[in-house]
Amino acid sequence: MLEIGNIREEKDRIVAGLKKKNASQDQIDLLEKIIFDDDRRKSVQTQLDNMLSQINKLSDEIGILFKTGKAAEAGSLKSQVASLKEESKLLESELKEIKDSLEDMIIQLPNTPHATVPHGLKAEDNEVFKLWEKPMPVLGSDALPHWELAEKYGLISFKDGVMLTGSGFPVYKNKGARLQRALINFFLDEATAAGYQEIQPPLLVNKETARATGQLPDKEGQMYYCEKDDFYLIPTAEVPLTNLYRDTILQKSDFPVMLTGYTPCFRREAGSYGSDVKGLNRLHQFDKIEIVRIEHPDRSYDVIMEMVAHVEKLLIKLELPFRILRLCGGDMSFNSALTFDFETWSAAQGRWLEVSSISNFETFQSNRMKLRFRDDDGKTRLAHTLNGSALALARIVATLLENHQTPQGIKVPQALQTYTGFDMIT
RNA sequence: GGAAGAGUGGCAGAGCUGGUUGAAUGCACCGGUCUUGAAAACCGGCGUACCUGUGAGGGUACCGGGGGUUCGAAUCCCUCCUCUUCCGCCA
């Protein structure tokens, strides 16, 4: 959620930012209305406060009359308060209405992009920030896509998943299951070695939590929902991890806040179809290790590069061809001010698969969840939040199988062998 | 799931027979005096948000969440949530 103060004070910058993010004219037009309504909010707040102040004063006077045994004289004061009270009720409901509609409007505005974000509308406009340095692997003509490899070696059963639940819920078996566990441990170990604190959060969260990181209201349809208990299945560990710091005021000495967690992620992915959902490409349930950082605003753009470097190291250790994209304004998520996507090369499919997305949200999340810190001058300010996948398992498994396939079997990268306990899948 | 009790500022803990209580007191924390330095002692400060004012300041709201009674509620009532204890169930 954008800060109202920024909307008021830096309207031109916000307009330019919204345009870069490919916002609609309707969204841009909201700014004027927001400022207008915020003026109204202030004026109604002032009236209300003055009125309540009067009520308080009169009530005190009545109290004194009662104490000094002049209760009989309180009658006219009481009726004064009664009428003021009626008026104040009206103002109160007016104020609430204005505040609600203000929030409704502000919530429709996406975050504004950082200066380094490239212009553009769609995926093709993203900037290739970095390409892996080694030559791309060349596979034989008999190379198989991962879903065939998974079947050939008995690693994953998509069929059984359909039987148990439905499509998009694969069952990992044998060395496939072991590979999953190895990757989880590998990623968690790498993250904790880099200084991230390991967290095991709940997989179901309440409305308030889903709201604070921005999943509600706009991504409601993407989450699984337990109606009976009013809980949402998390679409990413970002939700519970970042919310750990909801409504808090950090001391500067609390920085850096570095969290990591492994969780399954649940996504309805309504509307996806075709080759997008083939094999492991897009699942309703997949495993992911997330890294989250809460930072001083002065540091957040250094920190995002640290996170990029961390993920890059992981992919190098897994010996997977990758590229890093700096997303253009039109392709970035609603919440983000700057996003780097990592894609690994799916050799047998001949396409890039997104395996990580690292974003700086600046104060967009912290504003909504009241995540502040105390600055040197003693004042509270909103902290910056960042997160990234490090890494998402399913697609890593897909490209791992495809890129490391040989006529003898699938080679396990060196770094992973201590975790798998085998160096070859045969 | 059933029964009883409880939820107050960073923590501990008063207030809960309704009226200078945003909230005693202690600890923690910050500043100062003292000291070669530190500790102790003493003095002062010490919540968040919003409105208003150039500023000093003034005002409003908040004592788990929401609603109600009342001229007035941390204090009374309703409801929800959470915690503790006992019973039941269970990995």
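Here the structure is shown first, and the text comes after it.
No experiment lies behind these values; they were computed from the predicted model shown.

(A) Layout of the protein's contact with RNA strand B. Contacts to RNA strand B come from 19 residues, most closely from Arg41, Thr46, Lys85, Arg374 and Thr380. In RNA strand B, the atoms that sit within 4 Å of the protein are 76% sugar and phosphate, with bases accounting for the remainder. A distance of 2.5 Å separates a sugar or linking oxygen of RNA strand B from a polar side-chain atom of arginine 41. At 2.8 Å, a side-chain N or O of arginine 374 approaches a phosphate oxygen of RNA strand B. Secondary-structure elements contributing two or more residues to the surface near RNA strand B are α3 (25-67), α4 (75-106) and β14 (371-374). Taken together, the residues of the surface near RNA strand B break down into 5 nonpolar, 7 polar and 7 charged.

(B) Seen up close, the packing of helix α7 (residues 174-193) against helix α12 (residues 393-403). The geometry of α7 relative to α12 is characterised by a closest axis approach of 11 Å and an angle of 115° between their N-to-C directions. Judged by the angle between their axes, α7 and α12 are roughly perpendicular. Along this stretch, α7 crosses α12, giving a crossing that reads as right-handed. For the pair α7 and α12, contact is made by Leu179, Gln180, Leu183, Ile184 and Phe187 and by Leu393, Ile396, Val397, Leu400 and Leu401, respectively. Residue classes in the contact of α7 with α12 are distributed as 9 nonpolar, 1 polar and no charged.

(C) A look at the sheet that holds strand β8 (residues 248-250). Ordered in space as β8-β14-β15, the 3 strands form an open sheet in which the pairing is mixed. Each edge of the open sheet carries a strand with a single partner, namely β8 and β15 (380-382). Across the sheet, the mean angle from the axis of one strand to that of its neighbour is 40°, orientation sign disregarded. The sheet contact formed by β14 and β15 spans 3 bridges and is antiparallel. By the bridge assignment, arginine 374 is partnered in β15 with threonine 380.

(D) Looking closely at unusual backbone geometry. Cis geometry marks the peptide bond from leucine 216 to proline 217, where omega comes out at 0°. On the secondary structure map, proline 217 appears in the loop between α8 (207-212) and β6 (225-226). Residue phenylalanine 255 is joined to proline 256 through a cis peptide bond whose omega torsion reads -5°. Its place among the elements puts proline 256 in the loop between β8 and β9 (257-266).

(E) Spotlight on the state of the cysteines. Throughout the structure, instances matching the rule amount to 0 disulfides. You can see cysteine 226 has no disulfide; the closest cysteine sulfur is in cysteine 265, sitting 16 Å from it.

(F) Geometry of the pattern of salt bridges. Here the structure, examined in full by the defined rule, presents 25 salt bridges. Two residues, glutamate 312 and lysine 130, come together in a salt bridge whose shortest N-O distance is 2.7 Å. Taken together, the residues glutamate 312 in helix α10 (residues 300-317) and lysine 130 in strand β1 (residues 127-131) connect sequence positions 182 residues apart. In this structure, glutamate 295 engages arginine 293 in a salt bridge whose closest nitrogen and oxygen atoms are separated by 3.0 Å. Both residues of the pair, glutamate 295 and arginine 293, count as buried.

The rules behind each value
- Residues numbered from 1 in each chain as written.
- Chains lettered and ligands numbered in written order.
- Predicted model: local features only at pLDDT ≥ 70, side-chain atom pairs only at ≥ 80, totals over all residues.
- Heavy atoms only, no water.
- Near = heavy atom within 4 Å.
- Polar contact = N/O pair within 3.5 Å; in protein donor to acceptor, adjacent residues only side chain to side chain.
- Helix = DSSP H or I, 4+ residues; strand = E, 2+ residues; numbered from the N terminus.
- Nonpolar A, V, L, I, M, F, W, Y, C, P; charged D, E, K, R; others polar.
- Axes fitted to C-alpha atoms, helices over the stretch in contact; angles between N-to-C directions.
- Parallel < 35°, antiparallel > 145°, perpendicular 65-115°, else oblique.
- Left-handed = near helix turned anticlockwise from the far one by under 90°.
- Contact = heavy atoms within 4.5 Å.
- Pairing = 2+ DSSP bridges.
- Disulfide = S-S within 2.5 Å.
- Salt bridge = Lys/Arg side-chain N within 4 Å of Asp/Glu carboxyl O.
- Buried < 20%, exposed > 50% of the residue type's maximum accessible area, 1.4 Å probe, protein only.

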